[in-house]
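Listed below, chain by chain, are the residues.
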Amino acid sequence: MKVEENLKQIKSAILKACEKVDRNPEDITVIAVTKYVSAERAQEALETGIDHLGENRDDGLLAKWEVLKDKPTWHFIGTLQTRKVKSIIDKVDFIHSLDRISLAKEIDKRAAKKINCFVQVNVSGEESKQGINPEDVAEFISSMAEYKNLNIIGLMTMAPFTSDEDLLRSCFRKLKDIQAEVRDLNYDFAPCTELSMGMSNDFAIAIEEGSTMVRIGTALVGEKDQEVQ
Ligand SMILES: *Cc1c(COP(=O)(O)O)cnc(C)c1O
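In this text, all values refer to a predicted model and were calculated from it rather than measured experimentally. (Residues numbered from 1 in each chain as written. Predicted model: local features only at pLDDT ≥ 70, side-chain atom pairs only at ≥ 80, totals over all residues. Heavy atoms only, no water.)

### Some points on the environment of Lys 148
- Assignment of secondary structure puts Lys 148 in the loop between helix 6 (137-142) and strand 6 (150-156).
- Lys 148 gets classed as exposed once you look at its relative accessible area, which sits at 58%.
- Distance from Lys 148 to Lys 84, taken between C-alpha atoms, is 20 Å for residues 64 residues apart in sequence.
- Excluding residues that lie within four positions of it along the chain, Lys 148 makes contacts with Asp 108 and Lys 114.
- Within polar-contact distance, the side chain of Lys 148 engages the backbone oxygen of Ala 145 at 3.0 Å. (Helix = DSSP H or I, 4+ residues; strand = E, 2+ residues; numbered from the N terminus. Buried < 20%, exposed > 50% of the residue type's maximum accessible area, 1.4 Å probe, protein only. Contact = heavy atoms within 4.5 Å. Polar contact = N/O pair within 3.5 Å; in protein donor to acceptor, adjacent residues only side chain to side chain.)

Pasting the structure below:
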């Protein structure tokens, strides 16, 4: 499938989700997650008008960056090892996986400009998932005050891999509740206006629950390069 056709379906699902809860579709940013596909396929995504790309590994990001440079706005969405920060920091605008102080310290040290960071929260409590425990988020964010190159733009979570709608919904709702808690703190270094939640299987539910950035790979660009018919 062409990215353009996939995008058409995704946009119509976004519209439907927004209508259901009376939200403005313009408040939702689609990040095309290109980790499974080639730079050519990523380029195809850009040609449809998407301008946000997401990668979850440093080598994947660097390989795509060689080709696409700073045409897209780059999002780093995966677990980020502290020692890998240096290689990606001047190429990304958003990091979705801030989950520890040592990482904040390294980003702050290496960044030449303010980096928009999402604090990753392990809402579901699954052991396999990265992220700060919900009850520790406020304290963690309070400790970000000293890292002047970080702008805590929002919270990110990965929902469990399930088709149980109620479970997904409660997971997204919890992240939104934590966001409200953080916004009440009124920190200028942590406006926390964004929610990065929703992937191929659950983005419509995430939008109904308040997501402002959806990270879509499989449903948008495919799992691996497919011949364009
Ligand atoms: C791969 C990935 C996605 C996209 O997953 P799809 O199910 O293919 O849409 C979103 N977020 C993160 C953090 C990922 O690693």
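### Considering the site of the ligand
- The local shell around the ligand holds 13 residues, among which Lys 35, Ser 200, Arg 215, Gly 217 and Thr 218 are the closest.
- Interatomic distance of 2.8 Å between a backbone N/O atom of Gly 217 and an oxygen atom of the ligand.
- A distance of 2.5 Å is found between an oxygen atom of the ligand and a side-chain nitrogen or oxygen belonging to Thr 218.
- If the ligand stood free it would expose 390 Å²; the protein chains cover 92% of that surface.
- Split by residue class, the shell around the ligand holds seven nonpolar, four polar and two charged. (Near = heavy atom within 4 Å. Areas by Shrake-Rupley, 256 points an atom, 1.4 Å probe, with all protein chains shown as cover. Nonpolar A, V, L, I, M, F, W, Y, C, P; charged D, E, K, R; others polar.)

### A word on helix 2 (residues 39-47)
- Taken together, the buried positions of helix 2 are Ala 39, Arg 41, Ala 42, Glu 44, Ala 45 and Leu 46.
- In this structure, the buried side of helix 2 is in contact with helix 1 (3-21), strand 2 (52-55), helix 3 (58-68) and helix 9 (218-221).
- Of the residues one or two after helix 2, Gly 49 is the one with positive phi, at around 105°.

### Re helix 1
- Given a rise of 1.5 Å per residue, 19 residues ought to cover 27 Å, and the 27 Å separating the end C-alpha atoms of helix 1 matches this to within 8%.
- Along helix 1, the positions that sit buried rather than exposed are Val 3, Asn 6, Leu 7, Ile 10, Ile 14, Ala 17 and Cys 18. End-on view of helix 1: buried residues confined to an arc of 105°, all on one side of the axis. Of the exposed residues in helix 1, the ones pointing more than 90 degrees away from its buried face are Glu 4, Lys 8, Gln 9, Lys 16, Glu 19 and Lys 20.
- Summarising the contacts, the buried residues of helix 1 are in contact with strand 1 (29-33), helix 2, helix 8 (203-208), strand 8 (213-216) and helix 9.
- Immediately beyond the C-terminal end of helix 1, within one or two residues, lies Asp 22, with a positive phi of roughly 60°. (Expected span 1.5 Å × (residues − 1). Arc of directions from axis to C-beta.)

### Quick word on the pattern of salt bridges
- If you walk through the whole model with that rule in mind, you get 15 salt bridges.
- Linking Glu 208 and Lys 20 is a salt bridge whose minimum nitrogen-to-oxygen distance equals 3.3 Å. With a gap of 188 residues between them, Glu 208 in helix 8 and Lys 20 in helix 1 connect regions that are remote in the sequence.
- The partner of Arg 173 in a salt bridge is Glu 209, with the nearest N and O atoms 2.9 Å apart. Of the two residues, Arg 173 sits in helix 7 (residues 165-183) while Glu 209 sits in the loop between helix 8 and strand 8, which places them 36 residues apart along the sequence.
- A cluster of three or more residues bridged by salt bridges with shared partners is formed by Lys 20, Glu 165, Arg 169, Arg 173, Glu 208 and Glu 209. (Salt bridge = Lys/Arg side-chain N within 4 Å of Asp/Glu carboxyl O.)

### Looking at the environment of Val 119
- Along the chain, Val 119 turns up in strand 5 (residues 115-120).
- For the pair formed by Val 119 and Glu 66, sequence separation is 53 residues and the distance between their alpha carbons is 28 Å.

### Details of the packing of aromatic side chains
- All chains considered together, the criterion is met by two aromatic pairs.
- Note on Tyr 187 and Phe 189: the rings are 4.7 Å apart at their centroids and 20° apart in plane angle, and the pair reads as stacked.
- Assessed through its relative accessible area of 25%, Tyr 187 is described here as partly exposed.
- Relative accessible area serves as the criterion here: at 14%, Phe 189 is assigned to the buried category.
- Across the ring face of Trp 65, the terminal group of Lys 91 is positioned such that the distance to the ring centre comes to 5.0 Å. (Phe/Tyr/Trp six-rings, centres within 6.5 Å; stacked < 30°, edge-to-face > 60°. Lys NZ or Arg CZ within 6 Å of the ring centre and 35° of its normal.)

### A word on the pairing of strand 8
- Alternating residues of strand 8 divide into Met 213 and Arg 215 and Val 214 and Ile 216, and every residue in both groups is buried.
- Bridging between strand 1 and strand 8 involves four bridges; their strand directions are parallel. In the strand pairing of strand 8, Val 30 is matched with Val 214. (Pairing = 2+ DSSP bridges.)

Note that all results are geometric; they support no functional claim without further evidence.
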